[in-house]
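Residue-level structural notes
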Amino acid sequence: MGDDSEWMKLPIDQKCEHKIWKARLNGYEEALKLFQKIEDEKSPEWGKYLGLIKKFVTDSNAVAQLKGLEAALAFIENAHVAGKTAGEVVSGVVGKVFNQPKARAKELGADICLIYIEIEKAEVVQDELIKGLDNKNPKIVVACIETLRKALCEFGSKIITLKPVVKVLQKLFESREKAVRDEAKLLAVEIYRWIRDALRTPLQNINSVQLKELEEEWVKLPTAAPKQTRFLRSQQDLKAKFEQQQAAGGDEADGNDDDEVDAAPVDPYELLEAFEILSKLPKDFYEKIEAKKWQERKEALEAVEALTKNPKLESGDYGDLARALKKVIGKDANVMLVAMAAKCLAGLATGLRKKFGTYAGHVVPTILEKFKEKKPQVVQALQEAIDAVFLTTTLQNISEDVLAVMDNKNPSIKQQASLFLARSFRHCTPSTLPKSVLKPFCAAFLKQVNDSAPEVRDAAFEALGTALKVVGEKAVNPFLADVDKLKLDKIKECADKVELVGKKGGGGGAGGEKKAKAAAKAPPPVEAPAKPSGPPKKAAPAKAAGPPKKGKPASAPSAKSKKASETKEIVETELSPEVCEEKAAAVLPASCMQLLDSGNWKERLASMEEFQRAVEQMDKSEMPCQALVKMLAKKPGWKETNFQVMQMKLHIVGLIAQKGSFSKTSALVVLDGLVDKIGDVKCGSNAKEALTAIGEACSLPWTAEQVVSMAFTQKNPKNQAETLNWLANAMKEFGFAGINVKAFISNVKTALGATNPAVRTSAITLLGVMYLYMGAPLRMFFEDEKPALLSQIDAEFEKMQGQSPPAPIRGTKKAGAEEEVDAAEEVEVDGGAGDIMDLLPRTDISDKITSDMVSKISDKNWKIRKEGLDEVAAVISEAKFIQANIGELPMALKGRLSDSNKLLVQQALNILQQIATAMGPSLKQHVKNLGIPIITVLGDSKSNVRAAALSTLNVWVEQTGMKEWLEGEDLSEELKKENPFLRQEMLGWLAEKLPTLRTVPADLMLCVPHLYACLEDRSGDVRKKAQDALPTFMMHLGYEKMSKAAGKLKATSKDQVVGMLEKARAVMPAKPAAPAKAAASKPPASSAPAAKPAPAPARNQSPFEDFSEPEPKPDTKKAKPAGPAAKKGVVGKKPPVKAGAKDEEDKSGPIFILVPNGKEQRIKEEKALKILKWNFITPRDEYVEQLKTQMSTCLPKWLQDELFHFDFQRHVKAIGAMIEHMEAECEAVIGCLDLILKWFTLRFFDTNTSVLMKALEFLKLLFTMLSRKNYQLNDYEASSFIPYLILKVGESKDVVRKDVRAILTILCKVYAASKVFPFLMEGTKSKNSKQRCECLEELGCLIENFGMNVCQPTPAKALKEIAVHIGDRDTTVRNAALNTVVAAYNACGDQVFKLIGNLSEKEMSMLEERIKRSAKKTPAASAKQERPQREHPTNPNSTFLRKPAQEEVPNKLRIMYRTYRIQARAQNAHLEQSAPSIPKEFQLDLEVFENNHTCASDIPDLVQHKLDEVLEPVMIPERKMRPVSPHFDDIHNSSASTINFVISQVASGDINTSIQALAQIDEVLRQADKAEAMSGHIDQFLIATFMQLRLIYNTHMADDRLDKKDIFKLYSCIIGNMLSLFSIESLAREASMGVLKDLMHGLITLMLDSRVEDIEDGQQLIRSVNLLVVRVLEKSDQTNILSALLVLLQDSLISTAGSPMFSELVMKCLWRMIRFLPQTINSINLDRILLDVHNFMKVFPKEKLKQLKSDVPHRTLKTLLHTLCRLTGAKILDHMSMIENRNESELEAHLRRVVKHSANLSGLKSDKSTEKGALRSDDKVIKAKVSDILSEIFKKIGSKENTKEGLTELYEYKQKYSDADLEPFLRNTSQFFQSYVERGLRMIESEREGKGRIQTSTVIPQHGTDSYLPSSSAVPVSSNGEDLNAAAYYERLKILRQRRGLENSTPEEDRPPLSSLRPSVASSTDMLHSKLSQLKESREHFQQEQSHSRSPTRSSSPASNLDDLKKRLERIKSNRQ
């Protein structure tokens, strides 16, 4: 028992795997209980057992196995994930359970199989069971058969696929084991229950005894259709229905269910295996079949006959075989062989079915011709052959061939053709036998009904009867209008005898397929006549006329004319003059009759008037039209000389035609006369009206044809011209329906050649009208006309271009509503294009395609092949329009499409285009044999060939419509080929064509599996095209069918495809709607609805637009944003709305679910290798699947669906949701952190930037949150995330790299830097140079920040690996490696050289050079390493100082500038030799400190600087102007780095470089389309600009060696650039406040610079600056500029050194801004402005403001506040949100006052008067005693705050009273204080006089030198050449001390933007430090020049100053320590 207690303690899952069977048994029992308990099918518990279920069923211990089976059954029934185990478990059941002796085990095994089927795994189970049938153990075989039978019995034949079962059935019957045979018998009986006789064919070869037994069993079966009794999980609705029926027990339910279950009988053909016969043909078959001896030919045919007996044949190229058999049928003299060949053909057609359709067109004419044979056996064989062939094609495709023999001389042929049609009609439905097809046949049958041969008559009756039965009387009667009653009865009698095949499900599958096909071209099928969905109507359905009938020039008047009228026209016979007179006398007054031919014209006129009255009153039924018109034609008839009589006569003719039943016979009486008068000036209009009336009565096509031919038999040109004019007009009125173009063309050609210009003009006008209806094909008739004439025709056509033909207003009213509908039905979907084409005269070119030409095309020599093709092209272009019969040409051309010579392929494609245009709609019959090969060419590797094939394809489709292409398997066979080019082109083509179709053949479904394969194709283009095509397939096939087809895919593919289907469902285009019911002959009415989809549900519309226009690639995306939204629409539309509502509910609540110990469990599983370790190069499906499963417990379903959705937009949405919830649910986030990070690693492999950016945004927030929570990543989380993050550091996009670097920075706070180090080291091995470079940079940062201890595994190994990269071929990598080693050198000094090992000489010299230049000296104290590890580097000299993450200047400049700096140094090497080296970092350092207010508490690390060197005398070299000539990239590439670089050039110390850079930027700014490139760089550019202004002001202007013209030119460039910039509002608004402040400072300083006025044209320059200032004020962001001006005013008032004019100008700007406030108030951020005013008032409280010399600042401020109050009222008080301690603010009190007394102005006035009084208080100072004044001044100098002010006052006092004695005041002070005062006075003196200009009224202190350089490193210079470097540094150190709170020193006033005076106003320089430092790096020499004095010689500075300075520094150091 001891052992037992061991395993008893184990968890269930471990017990189930235990080696002791009892433990397993116990485990299974507990598992069973657990499985029955778990209620949530998606519970994470299930996941633990996924891998164990197979062990449950295959347990070696029989007792345990039984329990295991029970547990497995419970698992499969309840677990959502059970489906994944189907394959392995069922195979385990088959192998290890079915062979068990215990019946219970087998029973459970079978139950497991059935439950798997129930959870949608039928295919997997069936496959495993069928594999089991091959097992050697008969027990297993029997159990498998039994399980299959049960499954079929319960689930039915829809779910259990019978084909594979039937396939193995015969083998089972042959088994030696009786048990197997018996079980097979039971299975066969069960199968028969479901598919009935379809099972006979496959089982015909089994043992006859067995077959007999089966037959007996089959007979016993009930005849009722079997029903499914067990349902899949997805069929719960059916299940419910079934249960209801069971409960009701009613029969009525059976009927409904039949629709569902027994939708279509099973076709035995489908159950058969295809047989391949082509390879089995005798090798000498083709020689033998041509042999002279008939016996040899017979042998060959016998071989084929034996092969074709196979009921199902493998598809292949049967073209040669079909041709050989056709030749025997057509040419062989031996009738026995003809019969054999016919049988072979029949066998081929039956075995291939649809696949034989390609060859149908070739063999049908031959078989029909051969019916001349009398021998019954031959006739019978031919009948069988043609019937079999018919089932492989459509009636339409062979209609031409059959019609061609219908009037053959040989009666047998006619008889057999009619009988063939009669048999064929039986397979048709009303939809597959539209009127357009039936009409020409009926016309032919009606001829045959009157044939002399009785057998021909009978056959015709039978055919008509069958047609009548199929389509109904309504459809056929119009064609039988003039058949006498006897014959009509005979037809009806035949109709009653006919039995239709279609009713029983249509000859095998054919009937069904026919039905499906019908849908494409047909009116709605007869089953649903109620649906008003006729296909779109194009211009008038001339299609109704059917293919042109030979021998009939004019087609029937069009389907719409009324039946009755049609009958009359045909029927009326010509009456004799006597009869006419009689009939006329009966209806006309006698006087009228007598005077008709009177000699007196007046009498004739009176008679006409009476005639007219009589006609007007006559009733239609009693009007004898023919008699009346003959009376009118009676002498003088049309020779009437009096025009009035003639006008009346013509008018009456029109009346009769309108009112009576006017026939063609009557018309012929009058037409000649009318045409004769049509050109008459007086009577012409009446003649035209009469003609129009006749046209309405007898149809325009007939009338027009008669009239035109009559006009052109006359010689009168006037008549000819007017006839053509009438016709042109009539066409517009009647429409173009039924017009016989052929009839006019020759006459129009005659007219065009006429000498009379009027005739020519009329002809051209008529052509213009015809062009409206016919379009381009019309021109083909006239291509051989003279060029001059042709150009006139073209001009006329040009006029008509783009116009749509007018709606017909005549000829339509007689059509009844019924006919309209019929007419609509007749037009096919693709009929429109064909209508006109049918009318063209076509040439039969079959005799011109000689066998010689065909053999040329197939010659071995390409030149001869080309010759053949040229000949064909010539034949076709000569014929212009050709008939469908083109002889042997198709096969020959098909061969050329696969020619090795691509030129010939293209030529063949051109010929095919030519054929398409020339043949028109009858091209359809060539789609299979010539069209499909065009598709094959789409797979060519050459893009030009593919393009040619595609255009050919489109030309063909224009003529044929899409239906023929989609029928049959040809298209799917093409798509099956694994050729990426073929697939992508084909899918693109389908995606374009499918949305335009209303219906498609069911065969489209065959393409779906291949479409799914394309979705996972290796080629990205194929995948993309397949995704685009998916929605277009779905719009026709429906989501259900598509998703069912996806169920058959492998599990991995399935999920992916289902995701894509979901997405496609959202963007599925709507089907083009049925056109509105307009009269069919109205073209415009019909074109409008066809173009615009009917108001489908909204969800269909937007995607439809997307799909109908092919879109550019990135714009695929265009449809996508609609995706999710549209998807919701679907959810809302299809199921009841509650589904949508449920979605919304789900999304509330937490999205991160905390699973206790979930992460620990995952870590354990990964260690135990139960799950895959997260380690891959690209993520495979199994990783994604695993992650999906793991995440299902931690995230809600909706979020998981979004995260693993196929659409990237959903990912962005999901990340957005995660960002929102992250803070609130941080505990849960940490709980599933490993999964979240893993999911983000998958996103790193996406190519979509928007997802990537969103992901990085999330990660930054995530790691910041983790760092705040002091969470430390564990190794499991880090190792599955960091390597993939490092991949992204090599991304080509700057923004991505910047974000990744920011993440790496934060990462070091949540994961030890020493652990990050190895990952980065790994990253340096990448092939991507950017990644190597960035990783090295990061390593440098780590060493810099965390010291050498960070290097793993040891510093030596790490540095050796890093040093390898010094030799890298990429410059950036070399530089990064050098910098990293330098960082190490800074950390550990010369020891680095030992650590890095041996370097080549070149590399070592590079390193030494780099260390010499850029390394700092080793720090004395290793303070750095003592700092806590995760501290942010405070050492600003770091080579790798990491910029703040939100910095705006792209980081990639960094390395570029470093490299550039090295080059600059190399150029200036000689400068360095002449001066002692001062470490550059020292100067930059100060910059960093001065501007770094953020770390006020942090004391600068002064220890690290060796200041001794700074204080040594410095040799300042003479300035040498050296143009920096970097390689200017073309700025128009506008890559950020290029722009950054050019901007950095703007601040160049070299004037020419700067001008050059400015010119480039100006060029960009002046071009509207390129200016956008500057966006994001504005601040950077402005900083560079004011640095340059400062440089000019301080340096260039003072340098006498420089030409002032150059300086002027530079100024002009700068101002020009600024004007351009500030005229582009969008860019101007980007300037930030700090930058605007410095810019305004620079511009105002420039305006006040008197030196500028001395330059030639200086005044002009100052005016420009003035203009620029105004532009800046107007265009910049109003908040920023107002803010900037306030801060600038504050600074200028603080600084006593500045010119009063400066403050004045700033205030002028402010006044201007105040004037604009009413317009701009809405765009201003008042909170910010009030904060600035508050800060101003803090520095200048009211009292202090009043003490100023001028009262303007006070007034300015008050006016500003008053204006703001006036504009916003009391609301202004709500805008003080940014001010801390509002109650302490003077501002609030002031505002409240102003708001309160806004109406009371007196208050303001009194304020002003007190103000003025207060200003006089200044004078009191002067009146005080001298000693008081001086002691006050010295007190100030000694106090903390006012040192500088005191010094300035002392200086001014000394200037005023030069004899004043300071000695007494200084006597008692220390030596240090005395020298300090002395030095301070000297500095002020130098500032005021150094470069100042003295004005008579006041001494204006020089306002430029330093005040103009806020935070720059310039050094004041005295005019006497004294070097003040040390003093300047001393002053700067003072500022630093004060900032850091070290010692109380006073603020300096020569540096205006000192924040110590105004606590919360940041100067621009602080804000933009990062930008400046970048610019500075690139401009090192410029900085150096600025930071040194310009004096050409150096003078020693006083030693005492230096000593003092050194002492002070020592003191600072000791304080620091």
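Residues numbered from 1 in each chain as written. Predicted model: local features only at pLDDT ≥ 70, side-chain atom pairs only at ≥ 80, totals over all residues. Heavy atoms only, no water.

To continue, consider the overall build of the protein. Along its length, the protein carries 108 helices and 0 strands. For the protein, the residues scored as buried account for 55% of the 2017 residues in total. When contacts within the protein are restricted to residue pairs at least 6 apart in sequence, long-range pairs at least 24 apart make up 76% of them. Accessible surface, the protein as shown: approximately 87,100 Å² in total, 52% of it carbon and sulfur. (Helix = DSSP H or I, 4+ residues; strand = E, 2+ residues; numbered from the N terminus. Buried < 20%, exposed > 50% of the residue type's maximum accessible area, 1.4 Å probe, protein only. Contact = heavy atoms within 4.5 Å. Areas by Shrake-Rupley, 256 points an atom, 1.4 Å probe, with all protein chains shown as cover.)

This next bit is on the packing of aromatic side chains. Taken as a whole, this structure holds 30 aromatic pairs when the rule is applied. Considering the side-chain rings of Phe 441 and Phe 445, the 6.4 Å spacing of their centres and the 25° angle between planes classify their relative orientation as stacked. Here Phe 441 pairs with Phe 445, and both are found in helix H25 (residues 435–449), just 4 residues apart, close to one helical turn. Taken individually, Phe 441 and Phe 445 each receive the classification buried, so the pair is uniform in this respect. Through a chain of ring-to-ring contacts, the aromatic side chains of Tyr 28, Phe 35, Trp 46, Tyr 49, Phe 56 and Phe 75 assemble into a single cluster. Note that Lys 280 overlies the ring of Phe 275, its terminal NZ or CZ placed 4.8 Å from the centroid. (Phe/Tyr/Trp six-rings, centres within 6.5 Å; stacked < 30°, edge-to-face > 60°. Lys NZ or Arg CZ within 6 Å of the ring centre and 35° of its normal.)

Right, let's get into the packing of helix H35 (residues 643–659) against helix H36 (residues 664–677). At a minimum axis distance of 12 Å, the contact between H35 and H36 shows a crossing angle of 130°. Between H35 and H36, the interaxial angle falls into the category oblique. Note that H35 runs across H36; the crossing there is left-handed. Taking contact as the criterion, the partners of Met 646, Leu 650 and Val 653 in H35 are, on H36, Val 670, Leu 674 and Lys 677. Within the contact of H35 with H36, the residues separate by chemical class into 5 nonpolar, no polar and 1 charged. (Axes fitted to C-alpha atoms, helices over the stretch in contact; angles between N-to-C directions. Parallel < 35°, antiparallel > 145°, perpendicular 65-115°, else oblique. Left-handed = near helix turned anticlockwise from the far one by under 90°. Nonpolar A, V, L, I, M, F, W, Y, C, P; charged D, E, K, R; others polar.)

Considering every residue of the protein, the mean pLDDT works out to 76; 77% of them sit at 70 or more. With pLDDT under 50 throughout, residues 1076–1145 is counted as low confidence; its partners more than four residues away or in other chains account for 101 contacts. Note on residues 1893–1924: pLDDT is under 50 here. Beyond four places in sequence and across chains, it has 93 contacts. (pLDDT = per-residue confidence, 0-100.)

Turning to unusual backbone geometry, a few remarks are in order. The omega angle of the peptide bond from Gln 1352 to Pro 1353 is -5°, so this bond is cis rather than trans. For Pro 1353, the location among the structural elements is in the loop between helix H73 (1329–1346) and helix H74 (1355–1364). Even without a glycine there, the phi angle at Arg 353 is positive, about 50°. Examined against the element boundaries, Arg 353 turns out to sit in the loop between helix H20 (335–352) and helix H21 (357–370). The phi torsion at Leu 1169 lies on the positive side, around 60°, for a residue other than glycine. By the element assignment, Leu 1169 lies in the loop between helix H62 (1158–1167) and helix H63 (1181–1191). With a relative accessible area of 67%, Leu 1169 lands in the exposed category.

Two numbers describe how helix H54 (residues 1008–1015) lies on helix H55 (residues 1020–1037): the axes approach to 8 Å, and their chain directions differ by 150°. The angle between H54 and H55 places the two elements in the roughly antiparallel class. Classified by chirality, the crossing of H55 by H54 is left-handed. Touching Val 1008, Leu 1011, Tyr 1012, Cys 1014 and Leu 1015 of H54 are Val 1022, Arg 1023, Ala 1026, Gln 1027, Ala 1029, Leu 1030, Phe 1033 and Leu 1037, all from H55. Tallied by class, the residues present in the contact of H54 with H55 amount to 11 nonpolar, 1 polar and 1 charged.

This brings us to the pattern of salt bridges. Considering all chains together, one arrives at 81 salt bridges under this definition. The salt bridge involving Lys 856 is made with Glu 871; its shortest N-O contact spans 2.5 Å. Of this pair, Lys 856 sits in helix H45 (residues 851–857) while Glu 871 sits in helix H46 (residues 862–879), and the two are 15 residues apart along the sequence. For Lys 856, a relative accessible area of 19% corresponds to the buried category. (Salt bridge = Lys/Arg side-chain N within 4 Å of Asp/Glu carboxyl O.)

A few words now on the nonpolar core. Of all hydrophobic cores here, the largest spans 102 residues; its most connected members are Met 1574 and Phe 1622. For Met 1574, the residues in contact, after removing those within four places along its chain, are Ile 1539, Ile 1543, Ile 1561, Val 1564, Leu 1565, Phe 1581 and Leu 1627. One finds Met 1265, Ile 1303, Leu 1320 and Val 1382 within the second-largest nonpolar core, a separate group that totals 99 residues. (Core = buried A, V, L, I, M, F, W, Y, C linked by side-chain atoms within 4.5 Å.)

Our next topic: the environment of Thr 1247. By secondary structure assignment, the location of Thr 1247 is in the loop between helix H67 (1233–1243) and helix H68 (1249–1268). Between the alpha carbons of Thr 1247 and Phe 1208 there is a distance of 9.8 Å; along the sequence they are 39 residues apart.

With that out of the way, let us pick up the environment of Cys 625. Position of Cys 625 relative to the elements: it lies in helix H34 (residues 625–633). On the basis of relative accessible area, Cys 625 is assigned to the buried category, the value being 2%. Along the sequence, Cys 625 and Ser 663 sit 38 residues apart, while their C-alpha atoms lie 7.9 Å from each other. Residues in contact with Cys 625, not counting those within four places in the same chain, are Ile 656, Gly 660, Ser 661, Phe 662 and Ser 666.

The first and last C-alpha atoms of helix H86 (residues 1578–1596) sit 25 Å apart over 19 residues, in line with the 27 Å expected at 1.5 Å per residue. For H86, the buried fraction is high: 19 of the 19 residues fall into the buried class. (Expected span 1.5 Å × (residues − 1).)

What follows is about the side chain of Lys 1836. Secondary-structure assignment places Lys 1836 in helix H100 (residues 1826–1838). Judged by relative accessible area, which is 19%, Lys 1836 ranks as buried. In this view, Lys 1836 contacts Asn 1842, Thr 1843, Glu 1845, Gly 1846 and Glu 1849; residues no more than four positions away in its chain are not counted.

With 15 residues, helix H22 (residues 376–390) should reach 21 Å at 1.5 Å per residue; the first-to-last C-alpha distance of 21 Å fits that figure. Listing the buried residues of H22 in full gives Val 378, Val 379, Ala 381, Leu 382, Gln 383, Ala 385, Ile 386, Ala 388, Val 389 and Phe 390.

Joining two cysteines, a disulfide is a covalent bond between their sulfur atoms. With the rule as written, the count across this model stands at 0 disulfides. No disulfide involves Cys 1014; its sulfur sits 9.7 Å from the nearest other cysteine sulfur, which is in Cys 1007. Counting only cysteine sulfurs, Cys 1341 is the nearest neighbor of Cys 1308, a cysteine outside any disulfide, at a range of 9.0 Å. (Disulfide = S-S within 2.5 Å.)

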